[in-house]
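Remarks on the overall topology
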Amino acid sequence: MATTERSPARPPALHYLQLFGMRRDPLAAFTSLAQQHGHVVLFRGLYKAYQLTHPRDIEHVLQTNAHNYVKGRNYKKFVASTGNGLLVSDGDLWRRQRRLAQPAFHRQRLAAFAAVMAREAEVQGSRWQEFARRSRPVDVSDEMMRLTLRIIGLTMFTTDLTAETDTIGRSLRVIREHSIRRMWQPFSIPVSVPTPSNLRFRRALADGDRVLNEVIDARRSGEIVNDDLLSLLLRARDEETGAGMSDEQLRAEVVTIIGAGHESTAVALSWTWYLLSQHREAEERLHEELERELSGRTPTFEDLPRLAYTTMVIEEAMRLYPPAWALSRTAKGPDTLGGYPVAAGSEALLIPYVTHRHPDFWDDPEKFLPERFAPEAKESRPRFSYVPFGAGPRQCIGQHFGMTEMLIIVATLAQRFRLRLAPGARVVPEPSITLRPREGVPMTLHER
């Protein structure tokens, strides 16, 4: 039901501690607040936080007045995990690091990366063929995590991380759980205090650092010479001082790219396979396009613009289950949002999950309808009603890399397999750092 615009005199207000009480089911809680109170909800307490769901306010925070909104108090809790990399840095440091990393994601590099993605998708197909012949169910979420980790290692660092998949996966899982727990705590115990949780977190960091340091040390020593992102970062020099990147900053960027570069893609792919298994008509239309455009061959980078419906399927999956389900920014100075005055230091809470399903902007928002992303349908909606990769200057640097990867993986594997949810399985979203399937996505594989 559409919400009603409210007078700018007084936004609906709750105590900020209610935010931390929403941890049990934040998706339902944020959705309910938008339905009950409208597009702006204020949380009062030690500081003010505004839940914003209207595209005009999202555009204002992320693009129109982006210089006034920084990665604030929520993101700073990630620094212990990731270092001060692109995910959490701001100001001159962020701009410098963004410039250094951007060349690795240029279009001309994507074509070479696409060949690696296609090769690894074919390897995954051979693995799945054995599972299918033995009628063995697999956790597709886990499979996508492993596949995207291999791809990010090979394309970004020219390093096969397969042997370290379990170590990296375990390390990232502990770090993720620790970080999200701190996000939901109004007051956090410093990581230096040796609590059981902090000790597990520090061990996980050490395990991940061991793997990353081996890769970085080998490259610094000259044992491996490549023209990948890691090499670009190693060769980068500050325009003014001529100084190179410190080991600490280099690690921060590597951690950010590995973490964000494989998990978000894997999560989106997991939801895509799940939704296709539940919507046979969309699945059949997808297969028809792949047969018409590819005729059973492995897709290339040049094929991707013709896979229009496959693209729509992935985009619709990210509408219903955006990997980055929530974003936040802190206002540096006073502003106005949704007609309400906003003080410096206030927090803007943007919840793509809610906006993506809001009936003010989407017809039948709970339905899986890839046709929503046909060109004519896109033009009829507010642009910022759909922000799976963020928007504005801080839009995800890996957006085109991720879309290329997802298209190639879906096009390669869907030509060979139909995936069906395992009997009795229940797939539930878990709003952690990304919107993961809580217990995975157990599926059976059927060769086509």
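Right above here is the structure, for reference.
Heads up: these notes are all about the structure in this document. (Residues numbered from 1 in each chain as written. Predicted model: local features only at pLDDT ≥ 70, side-chain atom pairs only at ≥ 80, totals over all residues. Heavy atoms only, no water.)

**Section: the overall build of the chain**
Basically, it comes down to this: Strands here are runs of E lasting at least two residues and helices are runs of H or I lasting at least four, both read from the DSSP assignment and numbered beginning at the N terminus. Radius of gyration here is computed from C-alpha atoms only, and the compact-globule reference equals 2.2 Å multiplied by the residue count raised to the power 0.38. A 1.4 Å probe rolled over the protein chains alone gives each residue an accessible area, and that area as a share of the maximum for its type sets the label: buried under 20%, exposed over 50%, partly exposed in between. Only the protein chains shown count as covering a residue, and every accessible area follows the Shrake-Rupley method with a 1.4 Å probe. None of His or the chain ends enter the tally, which takes Lys and Arg as positive and Asp and Glu as negative. Every charge is mapped onto a representative atom, which is NZ of Lys, CZ of Arg, CG of Asp or CD of Glu.
If you tally the helices and strands in the chain, you get 17 helices and 13 strands. In terms of overall size, the chain behaves like a compact globule, its C-alpha atoms giving a radius of gyration of 22 Å where 448 residues would be expected to give roughly 22 Å. Along the first, second and third principal axes, the C-alpha set of the chain runs to 60 × 55 × 45 Å. Of all 448 residues assigned to the chain, the portion counted as buried reaches 58%. Carbon and sulfur atoms form 52% of the exposed surface of the chain, whose accessible area is close to 19,800 Å². Of note, the chain has its 60 positive side-chain charges centred 5 Å away from the centre of its 54 negative side-chain charges.

**Describing the sheet that holds strand 10 (residues 417-421)**
Worth spelling out the cut-off: DSSP calls a pair of strands paired once it identifies at least 2 bridges connecting them.
Ordered by their spatial adjacency, three strands build an open sheet running 5-13-10, and the pairing between neighbours is antiparallel. Only two strands of the sheet have a single partner each, and these edge strands are strand 5 (138-139) and strand 10. Pairing geometry for strand 5 and strand 13 (residues 442-447), over two bridges, is antiparallel. Looking across to strand 13, one finds that Asp139 is bridged to Pro442.

**A short note on the packing of aromatic side chains**
Each aromatic ring pair is described using two quantities: the centre-to-centre distance and the angle formed by the ring planes. Defined as follows: Pairing of aromatic side chains here covers Phe, Tyr and the six-membered ring of Trp, requires ring centres within 6.5 Å, and sorts the geometry by plane angle: under 30 degrees stacked, over 60 edge-to-face, intermediate tilted. Comment: the charge-over-ring label is applied if NZ (Lys) or CZ (Arg) is within 6 Å of the ring centre and within 35 degrees of the ring normal.
On inspection of all chains with the given rule, the structure shows ten aromatic pairs. Ring centres of Phe30 and Trp325 lie 6.3 Å apart, and the angle between their planes is 50°; on these two criteria the pair is classed as tilted. On the criterion of sequence distance, the pair formed by Phe30 in helix 2 (residues 26-37) and Trp325 in the loop between helix 14 (308-320) and strand 6 (327-331) is long-range, its members being 295 residues apart. Each member of the pair, Phe30 together with Trp325, is buried. With a centroid separation of 5.9 Å and 80° between ring planes, the pair formed by Trp271 and Tyr274 is classed as edge-to-face. With a gap of three residues between them, Trp271 and Tyr274 both fall in helix 12 (residues 247-278), about one helical turn apart. Three or more aromatic residues joined by ring pairs form one cluster here, namely Phe105, Phe113 and Phe401. Cation over ring: Arg319 sits above Trp362, and NZ or CZ is 5.2 Å from the ring centre. A cation sits over an aromatic face here: Arg357 above Tyr321, 5.2 Å from the ring centre.

**Here's the deal with the environment of Gly296**
Relative to the elements of secondary structure, Gly296 occurs in the loop between helix 13 (280-294) and helix 14. Its relative accessible area of 61% is what places Gly296 among the exposed residues. Once the C-alpha coordinates of Gly296 and Thr412 are considered, the two residues, 116 residues apart in sequence, prove to be 8.5 Å apart.

**With respect to the nonpolar core**
Using the following cut-off: As used here, the term nonpolar core means buried Ala, Val, Leu, Ile, Met, Phe, Trp, Tyr and Cys residues forming a set that is joined through side-chain atoms within 4.5 Å. Working rule for contacts: check all heavy atoms of both residues, and any pair within 4.5 Å makes them a contact.
Ranked by size, the top nonpolar core spans 108 residues in total, and within it Trp128, Met144, Met156, Trp273 and Phe401 carry the most contacts. Ranked by residue count, the leading element in this core is helix 12, at 14 residues. Setting aside its immediate chain neighbours within four residues, Met156 contacts Phe105, Phe113, Ile151, Asp228, Leu229, Leu230, Ile257 and Phe401. Counting residues in hydrophobic clusters, the runner-up holds 21 residues, among them Tyr50, Leu62, Val88 and Leu337.

**Things to note about the environment of Phe417**
With respect to the secondary-structure elements, Phe417 resides in strand 10. On the basis of relative accessible area, Phe417 is assigned to the buried category, the value being 2%. Distance from Phe417 to Thr444, taken between C-alpha atoms, is 9.7 Å for residues 27 residues apart in sequence. Each residue touching Phe417, except ones within four places of it in the same chain, is listed here: Gly125, Trp128, Gln129, Ala132, His287, Leu445, His446, Glu447 and Arg448.

**Here we look at the sheet that holds strand 6**
Put simply, the rule reads: The convention used is that axes are lines fitted to C-alpha atoms, helices contributing only their stretch in contact, and that angles between N-to-C directions extend from 0 to 180 degrees.
One open sheet holds the six strands; their spatial order is 1-2-3-9-6-4, and the pairing between them is mixed. Lying at the two open borders of the sheet, with one neighbouring strand each, are strand 1 (13-15) and strand 4 (69-70). Sheet analysis places strand 6 next to strand 9 (residues 347-350), joined by four bridges and oriented antiparallel. Paired with Thr330 across the two strands is Glu347, which belongs to strand 9. Sitting on the sheet, helix 2 is in contact with strand 1, strand 2 (40-44) and strand 3 (49-52), with an inclination near 115° to strand 2. Across the sheet, helix 3 (residues 55-64) touches strand 2, strand 3, strand 4, strand 6 and strand 9, and the angle it forms with strand 9 is around 125°.

**What to know about unusual backbone geometry**
Not every positive phi belongs to a glycine, and Ser135 is a case in point at roughly 50°. The topology assignment puts Ser135 in the loop between helix 7 (107-133) and strand 5. The phi dihedral of Asp364 falls on the positive side, at around 45°, and the residue is not glycine. Topologically, Asp364 is positioned in the loop between helix 15 (352-356) and helix 16 (375-379). For Asp364, a relative accessible area of 45% corresponds to the partly exposed category.

**Observations regarding the packing of helix 12 against helix 17 (residues 399-414)**
To keep things clear, this is the line we draw: Roughly parallel covers angles under 35 degrees, roughly antiparallel covers those over 145, roughly perpendicular covers 65 to 115, and oblique covers all other angles. Put simply, a crossing is left-handed when the front helix is turned counterclockwise from the back one by less than a right angle, and right-handed when it is turned clockwise. Each residue is assigned to one class: nonpolar for Ala, Val, Leu, Ile, Met, Phe, Trp, Tyr, Cys and Pro, charged for Asp, Glu, Lys and Arg, and polar for all the others, Gly among them.
Packing of helix 12 against helix 17 leaves a shortest axis separation of 10 Å and a crossing angle of 40°. Between helix 12 and helix 17, the interaxial angle falls into the category oblique. As for how helix 12 packs across helix 17, the hand of that crossing is right-handed. Across the interface between the two elements, Gly261, Thr265, Ala268, Leu269, Thr272 and Trp273 from helix 12 touch Gly402, Glu405, Met406, Ile409, Val410, Leu413 and Ala414 from helix 17. Residue composition of the contact of helix 12 with helix 17, by class: eight nonpolar, four polar and one charged.

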